Each structure stands twice: as C-alpha cells, then as structure tokens.
Amino acid sequence: MSHDASCHIGWFPPGVREKIAPNWHYTHLYDEVLPALRAAGVTEAQLTTMLVENPRRYFTPANG
C-alpha cells in the first residue's frame, strides 16, 4: 500500500485540483482508506503486514 500527495502543485488553476482530486492530501490514507479497510473486515494484523512488515522487508538489504 502506498500513498502520494504534494503540498503544492502548479499544474492546475486554483480550485481545480480540489474538484478533480479532493482526496489528494497527506492524511487520506489514515483518515479515509484505513477506516474503510477496517469497516470491510481487514484485521489490524493484516494492516500491520501491509504498513509495517512489507515495507520493512522491502527496504531491508538482502544478506550476501
């Protein structure tokens, strides 16, 4: 699971980004996606796997 947002974007005139992508902000994952996953029955253990264990495994150098 990943998430990306920017604090400033000059590609669109003022107000357009908010209309076409209202959830493009830094807290979308934690404010909206995770509660929706929990409501759909995803367990805390599964979320920990997605948010902690998988990134740790990805960013840990392989031995050898």
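Cut-off values and rules
- Residues numbered from 1 in each chain as written.
- Predicted model: local features only at pLDDT ≥ 70, side-chain atom pairs only at ≥ 80, totals over all residues.
- Heavy atoms only, no water.
- Salt bridge = Lys/Arg side-chain N within 4 Å of Asp/Glu carboxyl O.
- Buried < 20%, exposed > 50% of the residue type's maximum accessible area, 1.4 Å probe, protein only.
- Axes fitted to C-alpha atoms, helices over the stretch in contact; angles between N-to-C directions.
- Helix = DSSP H or I, 4+ residues; strand = E, 2+ residues; numbered from the N terminus.
- Parallel < 35°, antiparallel > 145°, perpendicular 65-115°, else oblique.
- Left-handed = near helix turned anticlockwise from the far one by under 90°.
- Contact = heavy atoms within 4.5 Å.
- Nonpolar A, V, L, I, M, F, W, Y, C, P; charged D, E, K, R; others polar.

## Looking at the pattern of salt bridges
Here is step 1: A full pass over the atoms with the stated rule returns one salt bridge.
Here is step 2: Where Arg 38 meets Glu 44, a salt bridge forms, and the shortest distance between an N and an O atom there is 2.5 Å.
Here is step 3: The partly exposed category is assigned to Arg 38, whose relative accessible area is 38%.

## Considering the packing of helix α2 (residues 28-39) against helix α3 (residues 44-59)
Here is step 1: At a minimum axis separation of 10 Å, α2 and α3 run at an interaxial angle of 135°. As the angle between them shows, α2 and α3 are arranged oblique. The way α2 lies across α3 gives a crossing that is right-handed. Taken together, the residues of α3 that come into contact with α2 (itself represented by Leu 29, Leu 34, Leu 37 and Arg 38) are Glu 44, Leu 47 and Leu 51.
Here is step 2: Here the contact of α2 with α3 is built from residues that sort into five nonpolar, no polar and two charged.

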